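The primary structure of each chain is shown beneath.
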Amino acid sequence: MTVNSLLEVIWTISAFGLVVLVLLHSPKGDGIGGIGGQAQLFTSTKSAETTLNRVTWTFAILFMGLTIILSAGWLG
């Protein structure tokens, strides 16, 4: 497996992960995050929202960075 192929796999996983994480956000209500008892994973709503924000930002930065690298053709 080449480096380019590996980065494409990571890019695809980060894209799907980003979609799921954005859908889990709950700006005003429970949102999709209320399905399946997600609220019980954390001790408080603020803790859950903070963790979700950090993970979402991480996936977003990873996705955008890989998009730039793969589209620029720097790897050959």
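Residues numbered from 1 in each chain as written. Predicted model: local features only at pLDDT ≥ 70, side-chain atom pairs only at ≥ 80, totals over all residues. Heavy atoms only, no water.

(A) Region of interest: the overall build of the protein. If you tally the helices and strands in the protein, you get 2 helices and 0 strands. The contacts in the protein between residues at least 6 apart in sequence include a share of 79% that link residues at least 24 apart. For the protein, the exposed area adds up to about 5700 Å²; of that, 70% sits on carbon and sulfur atoms. (Helix = DSSP H or I, 4+ residues; strand = E, 2+ residues; numbered from the N terminus. Contact = heavy atoms within 4.5 Å. Areas by Shrake-Rupley, 256 points an atom, 1.4 Å probe, with all protein chains shown as cover.)

(B) The arrangement of helix α1 (residues 3-24) in detail. With 22 residues, α1 extends 31 Å between its outermost C-alpha atoms, agreeing within 8% with the 32 Å of an ideal straight helix rising 1.5 Å per residue. Of the residues making up α1, those classed as buried are Leu7, Ser14, Gly17, Leu18 and Leu21. Each buried residue of α1 lies within a common arc of 110° when the element is viewed along its axis, so the set occupies one face. Along α1, the residues that are exposed and aim more than 90 degrees away from the buried face are Ile13 and Phe16. (Expected span 1.5 Å × (residues − 1). Buried < 20%, exposed > 50% of the residue type's maximum accessible area, 1.4 Å probe, protein only. Arc of directions from axis to C-beta.)

(C) Quick look at the environment of Asn53. Take Asn53: it is sitting in helix α2 (residues 45-72). Residues Asn53 and Val22, 31 residues apart in the sequence, show an inter-C-alpha distance of 9.1 Å. At 3.5 Å, the side chain of Asn53 and the side chain of His25 are in polar contact. (Polar contact = N/O pair within 3.5 Å; in protein donor to acceptor, adjacent residues only side chain to side chain.)

(D) Here's a closer look at the UniProt feature "transmembrane region" (unreviewed entry) in the protein. Following the UniProt record, one finds the feature "transmembrane region" (unreviewed entry) at residues 6-24 and 55-75. Span residues 6-24 is 100% helix and 0% strand, its end C-alpha atoms 27 Å apart. Within residues 55-75, the helical portion is 86% and the strand portion 0%, while the C-alpha atoms at the span's ends are 27 Å from each other. (UniProt positions renumbered as here; feature names shortened; annotations may be inferred.)

(E) View of the packing of aromatic side chains. Per the counting criterion, the structure on display carries 1 aromatic pair. Relative to Phe63, the ring of Trp11 has its centre 5.6 Å away and its plane inclined at 10°; by these criteria the two rings are stacked. With Trp11 in helix α1 and Phe63 in helix α2, the pair connects residues that are 52 residues apart, well separated along the chain. On the basis of relative accessible area, Phe63 is assigned to the partly exposed category, the value being 23%. (Phe/Tyr/Trp six-rings, centres within 6.5 Å; stacked < 30°, edge-to-face > 60°.)

(F) Spotlight on the environment of Leu66. Assignment of secondary structure puts Leu66 in helix α2. Counting along the chain gives 59 residues from Leu66 to Leu7, while the straight-line C-alpha distance between them is 7.1 Å.

(G) Geometry of the side chain of Thr56. Its place among the elements puts Thr56 in helix α2. Thr56 sits in the buried class, given a relative accessible area of 11%. Within the structure, Thr56 has its side chain in polar contact with the side chain of His25 (distance 3.1 Å). Ignoring sequence-local partners within four residues, the contact set of Thr56 consists of Leu18, Leu21, Val22 and His25.

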